Amino acid sequence: MMNAAERYAALARLIEEQPDAADIHSVLRWMGRAQALVQGVSDRNANGIAHAGTFMQSNGTIKTIQSVNMHLYATLAIAEMEAPQPSQGSFVVAGKPFDAMMAVGKVLTTAKAKVRIVDPYMDEKALTEFALLANEGVNIQLLGSPMYKAALIPAAQKFVQQYGSKRPLEVRLAGKHDLHDRLIFIDGASVYTLSQSLRNFAERSPALISRVEDLDIIPLKVAAYDAFWNGAANGAAVV
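Here the structure is a predicted model, which means the values were calculated and not measured.

Asker: Help me out: how do you make sense of the pairing of strand β2 (residues 114-118) in this one?
Answerer: When a strand is regular, its side chains alternate between the sheet's two faces. Counting buried positions along β2 yields four of five residues, so the element is predominantly enclosed. Crossover β2 to strand β3 (residues 139-144) through helix α7 (residues 125-130) is right-handed.

If you want it as structure tokens, here you go:
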């Protein structure tokens, strides 16, 4: 049984995972999941999705998907109000760069001592658009991969030169294929997953920041990425 935060995240992920309108099986699977999720939040919108399915043959898949999305967004708004405050605002509509910045900043500003961002596609945007959202004095640790080293490292060096100990920064690069998750660790105690890389977060499709609620998973994630961090090569000097 999903709690309010899990239901909100599941609805947001479903909106993010739009089906291929040309693949009827993909559309039907997506609609089935939509109706099942919405049923637990809003009977009215669940009935609306069922109604859209009834007329899919005459309306076509594109119009049907649009109709289902209308009911999904309406249900998402209800689910967001029912979700715990830390989970609210974590779904970002595509093409809303300020909303994306605010959603990430809401997480980063909770850190008291340390933020670690893990992103295999991390480039200079992690610094130019997001790192400054953390409070002064918070240690920023960026764990990326060599693929975007040419963009990330010069930006990190300039960041260190300008902010020094006011905003301590360290960048490390894991192996080329070591990282798969996109994560934010707050003070080594809270973990958030990002559905997209920060380099193009919510640019072309909706994005989601989800707090990991499973208390058994959190220490495993922390330990696993501590190992990656400790084993990674230094990409920028620590101040």
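What follows continues from the structure just given.
Asker: Help me out: how do you make sense of the pattern of salt bridges in this one?
Answerer: Tallying each qualifying case throughout the model produces seven salt bridges. For D123, the salt bridge goes to R199, with nearest N and O atoms at 3.7 Å. Of the two residues, D123 sits in the loop between β2 and α7 while R199 sits in the loop between β6 (190-194) and β7 (207-211), which places them 76 residues apart along the sequence. By relative accessible area, D123 is classed as buried at 9%. Exposure remark for R199: the relative accessible area of 28% places this residue in the partly exposed category. R204 is the salt-bridge partner of E203, the closest N and O atoms lying 3.7 Å from each other. For R204, a relative accessible area of 66% corresponds to the exposed category. Connected through shared salt-bridge partners, K125, E203 and R204 make up one network.

Asker: For this particular structure, what's the right way to read a negative patch on the surface?
Answerer: Among the surface-exposed residues, E6, E213, D214 and D216 lie close enough to one another that they form a single negatively charged patch. Secondary-structure assignment places D214 in the loop between β7 and α9 (217-231). The exposure class assigned to D214 is partly exposed, which follows from its relative accessible area of 40%.

Asker: How should the confidence of the model for the protein chain be read in this particular structure?
Answerer: Mean pLDDT over the protein chain: 88, with 95% of residues reaching 70 or higher. Element-level mean pLDDT values for the protein chain span from 60 in strand β8 (residues 233-234) up to 97 in β2.

Basis of the calculations
Residues numbered from 1 in each chain as written. Predicted model: local features only at pLDDT ≥ 70, side-chain atom pairs only at ≥ 80, totals over all residues. Heavy atoms only, no water. Buried < 20%, exposed > 50% of the residue type's maximum accessible area, 1.4 Å probe, protein only. Helix = DSSP H or I, 4+ residues; strand = E, 2+ residues; numbered from the N terminus. Right-handed = clockwise from strand over helix to strand, strands pointing away. Salt bridge = Lys/Arg side-chain N within 4 Å of Asp/Glu carboxyl O. Patch = residues over 30% accessible without salt bridge, like charges linked within 9 Å, V, L, I, M, F, W, Y side chains within 5 Å. Areas by Shrake-Rupley, 256 points an atom, 1.4 Å probe, with all protein chains shown as cover. Lys, Arg positive; Asp, Glu negative; His and termini not counted. Charge placed at Lys NZ, Arg CZ, Asp CG, Glu CD. pLDDT = per-residue confidence, 0-100.

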